[in-house]
Every structure is written in structure tokens, then in C-alpha cells.
Amino acid sequence: MKTITCIIILIFFSCSKEKINDAYPTNTMTTSGHNFSPNLISCGLGDTVFFELGSTHNLLEVSELDYSNNNSQLINNGFQLDYGGSGYLVMNESKTYYFVCTPHLPQMKSRIIVQ
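Residue indices follow the written sequence of each chain, beginning from 1 at its first position. For a predicted model such as this one, the threshold for reporting local features is a pLDDT of at least 70, and the threshold for listing and counting side-chain atom pairs is 80 or more; totals across whole chains, interfaces and linings nevertheless cover every residue. Working from all heavy atoms in the structure, the side-chain values ignore hydrogens and water.

1. Observations regarding the sheet that holds strand β9 (residues 109-114)
Short version of the rule: Whether two strands pair depends on DSSP finding at least two bridges between them. Helix numbering and strand numbering both begin at the N terminus, where a helix is a DSSP run of H or I of at least 4 residues and a strand a DSSP run of E of at least 2.
The strand order β3-β9-β8-β5-β6 describes an open sheet built from 5 strands, whose pairing is mixed. The sheet terminates laterally at β3 (40-43) and β6 (80-81), the two strands that pair on one side only.

2. Describing the sheet that holds strand β2 (residues 35-37)
Where we set the bar: To get an axis, fit a line to the C-alpha atoms, keeping to the stretch in contact for a helix; angles then go from 0 to 180 degrees between the N-to-C directions.
Judged by pairing direction, the sheet is mixed, and its 4 strands sit side by side in the order β2-β1-β4-β7 without closing on themselves. Across the chains shown, the open sheet's two edge strands, defined by having one partner strand only, are β2 and β7 (86-90). Between one strand and the next, the sheet's axes are offset by a mean angle of 25°, whatever the strand orientation. For strand β1 (residues 26-32) and strand β4 (residues 48-52), the ladder comprises 5 bridges, and the chain directions are parallel. Bridging from a neighbouring strand, Thr26 pairs with Thr48 of β4.

3. Let's talk about the pairing of β9
Across 4 bridges, β3 lies against β9 in parallel orientation. Pairing of Ser42 across the sheet is with Ile113, part of β9. Here strand β8 (residues 96-100) runs beside β9; their pairing, made up of 5 bridges, is antiparallel. Of the residues in β9, the one forming a bridge with Phe99 is Ser110.

4. Remarks on the pattern of salt bridges
The cut-off we apply is this: Salt bridges, as used here, are contacts in which a Lys or Arg side-chain nitrogen is within 4 Å of a carboxyl oxygen on Asp or Glu. For each residue, the accessible area found with a 1.4 Å probe, counting protein chains only, is set against the maximum for its type, and the residue is called buried under 20%, exposed over 50%, and partly exposed in between.
All told, the structure shown has 1 salt bridge when counted by the stated rule. One salt bridge connects Glu61 with Lys95, and the closest N-O pair in it is separated by 3.7 Å. With Glu61 in strand β5 (residues 59-62) and Lys95 in the loop between β7 and β8, the pair connects residues that are 34 residues apart, well separated along the chain. When its relative accessible area of 28% is taken as the criterion, Lys95 is described as partly exposed.

5. Description of the packing of aromatic side chains
Stated precisely, the cut-off is as follows: Pairing of aromatic side chains here covers Phe, Tyr and the six-membered ring of Trp, requires ring centres within 6.5 Å, and sorts the geometry by plane angle: under 30 degrees stacked, over 60 edge-to-face, intermediate tilted. Any Lys NZ or Arg CZ found within 6 Å of a ring centre and within 35 degrees of that ring's normal is scored as a charge over the ring.
Under the criterion given, the structure shown has 4 aromatic pairs. Taken together, a centroid distance of 4.9 Å and an interplanar angle of 55° make the contact between Tyr67 and Tyr98 tilted. Of the two residues, Tyr67 is situated in helix α1 (residues 64-68) and Tyr98 in strand β8; the sequence distance between them amounts to 31 residues. Tyr67 gets classed as buried once you look at its relative accessible area, which sits at 14%. Each member of the aromatic cluster is reached from another via a ring pair, and the members are Phe51, Phe79 and Phe99. Above the face of the Tyr97 ring, Lys95 is positioned so that its terminal group lies 4.6 Å from the ring centre. Taking the ring centre of Tyr67 as reference, the NZ or CZ of Lys109 above it sits at 4.5 Å.

Shown next as C-alpha cells:
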């Protein structure tokens, strides 16, 4: 009697800043001069956005009112990155997220629209 041995190989993929494939895009927001690039991202619920800031930039999630009035008041439980920081944010709510860079207001603002 012959014995057949099956080998199962599991491959785990990790997130990266690059677009993994069309089914799992990774959105990236960086800094360029005194601007976020891009300053508007539209994505889906559950998508991930990667932020990579220059050394003179921070990132604070603010309310729509503070965004409109060029204020840098962090909202309760808001996402933030320190100067030169980087990090991932999973878009877990369908809404518009508003972000500012404190020292470069009123110019340096961005939005992420999650549908």
C-alpha cells in the first residue's frame, strides 16, 4: 500500500505602503512642501490608509467645524501622528475624516471620504 503525503504551505502577507493588488489597495498620504499629498482620498469601509509625514509636519484628526475654521483641536479619540511620524489607520466608519498639520494651517489640510 502506498502512502501519500500532502504538504500544506501557508503564506502570510503583511501590509506595505505599496499597492498590494487591485483587490486590496493601500492608500498612502505623504507630505509635500506645506501640503498633504494627496489632500483628498476616497476609499471604502475597512480600507487602510498609510501616513508618512516629513519631519516638520504633524497630523491631527479634527472636527468638520475645526477643519473649516483652521483650528487644530484633536477630536475625542482622534487619530494623530507626531512630527515626522508614520502609521496606519483602518477606516472603520463611513464618514469624512478631517486632518490638519498644526504649524502649517490654514494651508495644510486633508480629508478622507469613506463610503
